[in-house]
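Now for the letters of each chain:
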Amino acid sequence: DDDSTSHVSNSYGYLRAPWNTNNNPYVARFNKTFEYETDVMPSCTDYYDMLGYDTWLDFGMNIANGAHGPVHGMLGGAWKANFSGWQAAEEAMGSDSAKNLVYLSVASYPQFWRDGIISCPDSCSEDTALEDCQCTCAGLTDDDTMTTNGDSSGSEATTSPSTTELLQRSGVFERIARHDVKGELLERRQNELTGEVSFSWIGVEELEQESMNTWFFKMVCDVAQTGDMLGSSSPVDPIFWSVHPTVDRLWQWKRLSTDCMYNYSWPSGTSIYGTCSGHDEKDMLPYAGLNPSASNSLLDNKGLYDLLDPTTSDSPYVYDNFEWAHCLQEGSDVRNFCTGS
């Protein structure tokens, strides 16, 4: 037992995120996110767009989007017995809006958990029924309104944060806005005088913004079980190891294209994962043995970035080809991303 490694697990003790109370001991996959099938797959256009980012900050921030992210959703999926949030949302706002909120809600569990909005049982025994071992949101009463702090003795009551304030405070809105590179979901606004940041759903009337936030908040709070590919346990699924080399090979071609514009940039605090430590330049990796010239030393993220630079002799590997034959068959050569051809 290595004390330097994380001992975070779900309530049943499995190597899954705390908010994923899946109690199945085997690798889990589900072909839907609740009632919706994934209808978006990575395309050659996504590859081309990724290679067009000319800083490491932009490349690293956006690689979780179309170039590979949908595969995680398609293979992982999410389910929960008697979950009807999608149906009620469809009736209230239409199928497309409800579907967007369902996908975004599952992706928002980590931010809600880290912010303390979602709480989960410390532990559940193997014979505890799944319905008795669920994560929940604090602050919602039975009528789905936010509670207030105070008592009935006449002492001053303090109103709890609104759903909109919690969505912003937790970093959920910020993460969605950064992922939304095409500007189709959420607009980020910053007041030039005060610096105050606010967010609004694109295509939603001003009077309906708060209602949209409430629907979204309730969906996130109806925490579901997810397949392993849709969370931090994704490396336990063997398919993970065939999906992520796609990302790695794109990145290597970007670095090998030395005639194209590319700048290293990794400002502190720019991770799309907000307060989750481990994603900044100087954060240390928790395991040794990566650097062949110093097998007992630890690397920070920048050290690993430099070690895996395919333009240097220290890189332990380089892919044997960068053809993307299926794109060539479509008449698209993503290798020419900086020539426009």
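Residues numbered from 1 in each chain as written. Predicted model: local features only at pLDDT ≥ 70, side-chain atom pairs only at ≥ 80, totals over all residues. Heavy atoms only, no water.

With respect to the secondary-structure elements, asparagine 22 resides in the segment before α1 (44-51). The residues touching asparagine 22, leaving out its near neighbours within four places in the chain, are Asn10, Tyr12, Tyr14, Arg16, Ala28, Trp79, Gln225 and Thr226. (Helix = DSSP H or I, 4+ residues; strand = E, 2+ residues; numbered from the N terminus. Contact = heavy atoms within 4.5 Å.)

Here the focus is the state of the cysteines. Evaluated as defined, the whole model comprises five disulfides. The disulfide that involves cysteine 124 links it to cysteine 133, with 2.0 Å between the sulfurs. Measuring the twist about the S-S bond at about 95 degrees, one finds the cysteine 124-cysteine 133 disulfide to be right-handed. Residue classification places cysteine 133 among the buried residues on the basis of a relative accessible area of 0%. Paired through a disulfide, cysteine 137 and cysteine 221 show a sulfur-sulfur distance of 2.1 Å. (Disulfide = S-S within 2.5 Å. Buried < 20%, exposed > 50% of the residue type's maximum accessible area, 1.4 Å probe, protein only.)

Interaxial distance between helix α5 (residues 95-107) and helix α9 (residues 209-221) falls to 9 Å at its minimum, and their mutual angle equals 45 degrees. Classified by the angle their axes make, α5 and α9 are oblique. In the crossing of α5 with α9, the sense of the turn from one axis to the other is right-handed. Contacts between α5 and α9 involve Ser97, Ala98, Leu101, Val102, Leu104 and Ser105 on the former and, on the latter, Met212, Trp215, Phe216, Met219 and Val220. Residues belonging to the contact of α5 with α9 are distributed by class as follows: nine nonpolar, two polar and no charged. (Axes fitted to C-alpha atoms, helices over the stretch in contact; angles between N-to-C directions. Parallel < 35°, antiparallel > 145°, perpendicular 65-115°, else oblique. Left-handed = near helix turned anticlockwise from the far one by under 90°. Nonpolar A, V, L, I, M, F, W, Y, C, P; charged D, E, K, R; others polar.)

So, to be careful, I would describe these as geometric facts and stop short of saying anything about function.
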